[in-house]
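# A look at the structure
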Amino acid sequence: GIFNNVKSVFIYKVANTLVGSTDNTLISILVGTVAVGYYSNYTMVVNNIQMIINIVFSSITASIGNLVVEKNAEKNYSVYKTMQFISYILSCVAITGVYIMINDLIKVWIGEKYVLSPLVVIAIVINMYFSVVLMPIWSYREATGMYMQTKYVMVMTAIVNLIVSIILGRSLGLAGILLATSIARLSTYFWYEPKLLFAQFFDRKVGSYYVGIIVNILITIAVMMINVFIFQRIKITTWGGFFIKTILVTAVTLVCTLILYSWNSEMKNVLGLLRKFVKR
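In this report, we go over the structure that sits alongside the text. (Residues numbered from 1 in each chain as written. Predicted model: local features only at pLDDT ≥ 70, side-chain atom pairs only at ≥ 80, totals over all residues. Heavy atoms only, no water.)

Along its length, the chain carries 12 helices and zero strands. The N-to-C order of helical and strand elements in the chain reads α-α-α-α-α-α-α-α-α-α-α-α. A compact globule built from 280 residues should have a C-alpha radius of gyration of about 19 Å, and the chain, at 20 Å, falls within 12% of that. The principal-axis extents of the C-alpha atoms in the chain amount to approximately 55 × 50 × 30 Å. (Helix = DSSP H or I, 4+ residues; strand = E, 2+ residues; numbered from the N terminus. Rg over C-alpha atoms; globule rule 2.2 N^0.38 Å.)

Here is the structure:
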């Protein structure tokens, strides 16, 4: 049993690494080595933001493990809902901030000639969205050890990603290769892992999860459009201007997100957790 579990984790992790590491190779082959350098500037920023968000969820994985051992499906689901709602807020704020500000950052950091096209930026934020919004699912996967059931799903993701990247890379270039990663995720583990988790550990149908994701996507798009309307004419040329605009974008995004989610029952739970954290 231990050998089978370790083998499953190994297969999953290797396949997951292939999904993330083949993009640069394909970009170099299909688009050019220079494009890899330009794209790496963006990935460095995005990866650092994702790493910070990941700390929030990875830090509570052990606590989730204790809940799983209790085998209380209702309690597990309650904790998961709170985590998922936090991921909705973080994804909306992070995605909107990156979409609005990342080209400004590249301009003041290394120069306008290193700025990538709007379609590439859209592809980057779509991939980032999937990474952030799935973190609660991944936390539960780590805690429950669902590698036996999901190992080959990640292998399929790697295969789909490679095939679609080649097809779209030839027609859309860099943006096509990045969009292929989103397509591979959406067509495989994005829908399968939640379905498995809900059936085995929450004893619920997964429909509510998909509805929540759709609502979050619509809210995120609405918040992004509000920010585009407000800030699209503001041109940034200095670090001071960049920091001021970043603060304003973050404030507008957070306020709009909280207003649009004010109807959600999990909002009270999250605000309660924040109050406890502040009192400490």
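Take a nonpolar patch on the surface next. A cluster of nonpolar side chains, namely Met156, Ile159, Leu162, Ile163, Ile166 and Ile167, defines an oily patch on the protein surface of about 510 Å² accessible area. For Ile167, the position within the fold is in helix α7 (residues 147–172). Note on Ile167: relative accessible area 54%, which makes it exposed. (Patch = residues over 30% accessible without salt bridge, like charges linked within 9 Å, V, L, I, M, F, W, Y side chains within 5 Å. Areas by Shrake-Rupley, 256 points an atom, 1.4 Å probe, with all protein chains shown as cover. Salt bridge = Lys/Arg side-chain N within 4 Å of Asp/Glu carboxyl O. Buried < 20%, exposed > 50% of the residue type's maximum accessible area, 1.4 Å probe, protein only.)

Take the packing of helix α2 (residues 33–58) against helix α4 (residues 73–109) next. Interhelical geometry of α2 versus α4 gives an angle of 155 degrees and a closest axis separation of 10 Å. Compared by their axis directions, α2 and α4 come out roughly antiparallel. Both α2 and α4 take part in a crossing whose hand is right-handed. Packed against α2, whose contacting residues are Asn41, Tyr42, Met44, Val45, Val46, Ile49, Ile53 and Phe57, the element α4 presents Met83, Ile86, Ser87, Leu90, Ala94, Val98, Ile102, Asn103, Leu105, Ile106 and Trp109 at the interface. When the residues that make up the contact of α2 with α4 are grouped by side-chain class, the tally is 16 nonpolar, three polar and no charged. (Axes fitted to C-alpha atoms, helices over the stretch in contact; angles between N-to-C directions. Parallel < 35°, antiparallel > 145°, perpendicular 65-115°, else oblique. Left-handed = near helix turned anticlockwise from the far one by under 90°. Contact = heavy atoms within 4.5 Å. Nonpolar A, V, L, I, M, F, W, Y, C, P; charged D, E, K, R; others polar.)

On to helix α10 (residues 207–231), then. Helix length check: α10 (25 residues) gives 36 Å between terminal C-alpha atoms against 36 Å at 1.5 Å per residue, within 8%. If you check which residues of α10 are buried, you get Tyr209, Gly212, Ile213, Asn216, Ile219, Thr220, Val223, Met224, Asn227 and Phe231. Against the buried residues of α10 lie α4, α5 (118–133), α6 (135–144), α9 (189–202) and α11 (239–260). (Expected span 1.5 Å × (residues − 1).)

All told, the structure shown has one salt bridge when counted by the stated rule. Close ionic contact of Asp104 with Lys245 constitutes a salt bridge, the shortest N to O distance being 2.8 Å. With Asp104 in helix α4 and Lys245 in helix α11, this pair connects stretches of sequence that are 141 residues apart. Both residues of the pair, Asp104 and Lys245, belong to the buried class.

With that settled, the discussion passes to the packing of aromatic side chains. According to the stated counting rule, one finds 21 aromatic pairs in the structure shown. When the ring of Tyr77 is compared with that of Phe202, the centres are 5.5 Å apart and the planes differ by 65 degrees; the resulting orientation is edge-to-face. With a gap of 125 residues between them, Tyr77 in helix α4 and Phe202 in helix α9 connect regions that are remote in the sequence. Judged by relative accessible area, Tyr77 falls into the buried class, the value being 9%. You can call Phe202 buried: its relative accessible area is 2%. Each member of the aromatic cluster is reached from another via a ring pair, and the members are Tyr77, Tyr80, Tyr140, Phe198, Phe202, Tyr209 and Tyr210. (Phe/Tyr/Trp six-rings, centres within 6.5 Å; stacked < 30°, edge-to-face > 60°.)

α11 packs onto α4 with a crossing angle of 165 degrees between their chain directions and a minimal axis gap of 9 Å. By the angle between their directions, the pair α4 and α11 is classed as roughly antiparallel. You can see that α4 and α11 cross each other, and the crossing is right-handed. Listed contacts from α11 to Ile89, Cys92, Val93, Thr96, Gly97, Ile100, Met101, Asp104, Leu105, Val108 and Trp109 of α4 are Trp239, Phe242, Lys245, Thr246, Val249, Thr253, Leu254, Thr257 and Leu258. Here the residues of the contact of α4 with α11 are counted per class, giving 13 nonpolar, five polar and two charged.

Among the secondary structure elements, Tyr88 is positioned in helix α4. For the pair Tyr88 and Ile226, spaced 138 residues apart in the sequence, the C-alpha separation amounts to 18 Å. In this view, Tyr88 contacts Val133, Tyr209, Gly212, Ile213, Asn216 and Tyr261; residues no more than four positions away in its chain are not counted.

Position of Val45 among the secondary structure elements: in helix α2. With a relative accessible area of 17%, Val45 lands in the buried category. Along the primary structure Val45 and Phe242 are separated by 197 residues, whereas in three dimensions their C-alpha atoms are 15 Å apart. Once residues within four sequence positions are removed from consideration, Val45 is found in contact with Ile102 and Leu105.

A few words on the side chain of Thr96. Among the secondary structure elements, Thr96 is positioned in helix α4. Ignoring sequence-local partners within four residues, the contact set of Thr96 consists of Ser91, Thr220, Val223, Met224, Asn227 and Thr253.

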